[in-house]
Structures are given as C-alpha cells and as structure tokens.
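Next come the chains, spelled out residue by residue.
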Amino acid sequence: MKKTSLVGAVLVAVLVLTAAPTRAEEDGASPKVSPSRRAEALEKRDEKAKERVEKARTRNQERIRKFWEQMKRRLSVLIRNEKNLADRVQKRLDAQSENTNAAELKTKLDNAKKLIIAAETALSDADIQISRIASSSSEPKDAFKKVQELNKGVMSKIRAAHKALVEIISMTKRGLFKPSPTPKPSVSPTATPTPSPTPTS
C-alpha cells in the first residue's frame, strides 16, 4: 500500500509540473525569447526586405531596357529609311550631273547625309546611357522620362535629315533642277558674192 501511495504521489507531482506551463500560456503569459534569437529573427526579416527591394529594382531595370529596345528598333528603321532615300537622291543627281544647279543640290545632299550620321551617333550614345539610367534611377517614372527624352533627341535629328532630303526632291520636281542650256551652233556668215565686172567690147 505504501508503495502504491508513493507511486501515486510521484505521478501527481509530474502532472502538476507538466501542466504548469500550459496554465501560464492559457493565462496569457508569453514564453521568454533569448536576445540572440530575437536578433536572428530581425536579421532574417531585414534580409527578406532587401531581397524584395532588389527584385523590384531588377524588374524595373528590365522594363526600362525593354521599353528602350522598342524605341531603338523603331529609330533604327527610320534612320535606315533616310539612308536609302539619300542613296536614291544621290543616284539621281549623279545621272544628271550636267545640270546647272547640280553642284548646289549635291552640297545640300552632303549636309543631309551629315544629319543622318548625327542621328546614328545620337542613337549609339543613347544606347550607352540606358544602362546607367536603368541602374541609377530609384524611381521608375524618372527613368522612363529620361528614356523618352533620349528618344526625342534622336528623332529631332532624323526629322532634320528627312526635311533636307525632301527639300532636294522638291527642288527637282519644281523645275529648279534644269538642264544646262544647250549652246546653239554658231553660224558663220556667208560671204556675199560680188558680181564680176562685165567685159566691154
């Protein structure tokens, strides 16, 4: 009997000890967290926040690059069209080099070609700046605005080249590109025959 009572008392003590934390939790008492674990949790939270910021930044950079690539393809096509138009104008002027104002029109064409080269250079420079804009801009709106400004700068040079070429074509259609007057053959004056004196008898 004594052994049975002793075993029972031990079991009751064990149950009381194991139930004590449960009662504390039910009463709203929170278990204590060590400072090291708390610091570790804060560090993990900061790392996740940095990862989210980096992912958002990478997405924005990719969007900016895709936005520029669309503009770049369009600008490249426009520049190629202007170069083809300049080549056609050049062939036309070469075929009529004997015209009076051919030299003036060729000078205008040379200026138009320089404008085309300027547009190509501006496009190359803009392409280099895109990487810097995408990586340095914290606000996507500011980055897209800068990309649009680069696009406008290249477009202005393309328009200037096109205007110069259209002016040359218009001059040919308005009749300003006239052939040199063909010199008329000079007619040498014919000598008037003088009548020979009639012999007298």
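Residues numbered from 1 in each chain as written. Predicted model: local features only at pLDDT ≥ 70, side-chain atom pairs only at ≥ 80, totals over all residues. Heavy atoms only, no water.

Residues and numbers for the pattern of salt bridges, please.
Summed over the entire model, instances satisfying the criterion amount to 4 salt bridges. One salt bridge connects D94 with K106, and the closest N-O pair in it is separated by 3.7 Å. With D94 in helix α2 (residues 35-95) and K106 in helix α3 (residues 102-136), this pair connects stretches of sequence that are 12 residues apart. Judged by its relative accessible area of 27%, K106 falls in the partly exposed class. Residue E167 is joined to K108 by a salt bridge in which the shortest nitrogen-to-oxygen separation is 3.4 Å. (Salt bridge = Lys/Arg side-chain N within 4 Å of Asp/Glu carboxyl O. Helix = DSSP H or I, 4+ residues; strand = E, 2+ residues; numbered from the N terminus. Buried < 20%, exposed > 50% of the residue type's maximum accessible area, 1.4 Å probe, protein only.)

So what about the confidence of the model for the protein? Which residues, and what values?
Of all residues in the protein, 67% attain a pLDDT of 70 or more, and the chain-wide mean is 76. Predicted confidence in the protein is weakest over helix α1 (residues 2-26), with a mean pLDDT of 53, and strongest over helix α4 (residues 140-173), with 91. Within the model, the stretch residues 185-196 combines pLDDT values under 50 with 0 contacts to residues more than four positions away or in other chains. (pLDDT = per-residue confidence, 0-100. Contact = heavy atoms within 4.5 Å.)

Can you explain a negative patch on the surface? Please cite residues and give values.
On the surface, a cluster of negative charge is made up of E43, D46, E47 and E51. Turning to its location among the elements, E47 is positioned in helix α2. Here E47 falls in the partly exposed class, since its relative accessible area comes to 42%. (Patch = residues over 30% accessible without salt bridge, like charges linked within 9 Å, V, L, I, M, F, W, Y side chains within 5 Å. Areas by Shrake-Rupley, 256 points an atom, 1.4 Å probe, with all protein chains shown as cover. Lys, Arg positive; Asp, Glu negative; His and termini not counted. Charge placed at Lys NZ, Arg CZ, Asp CG, Glu CD.)

Just give me the short version of the side chain of N151, but keep the residues and values in it.
Within the element layout of this structure, N151 appears in helix α4. The buried category is assigned to N151, whose relative accessible area is 12%. With residues up to four places along the chain from it excluded, the contact list for N151 reads W68, M71 and L75.

So what's going on with the packing of α3 against α4? Residues and values would help.
Axis separation between α3 and α4 bottoms out at 9 Å; the angle between their running directions is 170 degrees. Here α3 is positioned roughly antiparallel relative to α4, judged by the angle of their axes. Partitioning the contact of α3 with α4 into residue classes produces 23 nonpolar, 2 polar and 5 charged. (Axes fitted to C-alpha atoms, helices over the stretch in contact; angles between N-to-C directions. Parallel < 35°, antiparallel > 145°, perpendicular 65-115°, else oblique. Nonpolar A, V, L, I, M, F, W, Y, C, P; charged D, E, K, R; others polar.)

Explain α3 to me, and be specific about the residues and the numbers.
The end-to-end C-alpha distance of α3, which contains 35 residues, comes to 51 Å, matching closely the 51 Å that a straight helix rising 1.5 Å per residue would cover. Maximal helix bending in α3 amounts to about 30 degrees, located at Q129. Among the residues making up α3, those that are buried are A102, L105, L109, A112, I116, A119, A122, L123, A126, I130, I133 and A134. (Expected span 1.5 Å × (residues − 1). Bend = angle between axes of the 7 residues up to and from the residue.)

Can you explain the packing of aromatic side chains? Please cite residues and give values.
Applying the stated rule across the entire model yields 1 aromatic pair. Between F67 and F144, the ring centres sit 5.2 Å apart and the planes meet at 80 degrees, which makes this aromatic pair edge-to-face. A residue pair is termed long-range when its members are at least 10 positions apart, and F67 in helix α2 and F144 in helix α4 qualify at 77 residues. (Phe/Tyr/Trp six-rings, centres within 6.5 Å; stacked < 30°, edge-to-face > 60°.)

Tell me about the nonpolar core, and name the residues and values.
Formed by 32 residues in total, the largest nonpolar core has its most connected members in W68, L75, L109, I158 and L165. Secondary-structure elements contributing two or more residues to this core are α2, α3 and α4. Considering each element in turn, this core owes the most residues, 12 residues, to α4. Every residue in contact with W68, bar those within four places of it in the chain, is listed here: L75, L123, A126, D127, I130, V147, L150 and N151. (Core = buried A, V, L, I, M, F, W, Y, C linked by side-chain atoms within 4.5 Å.)

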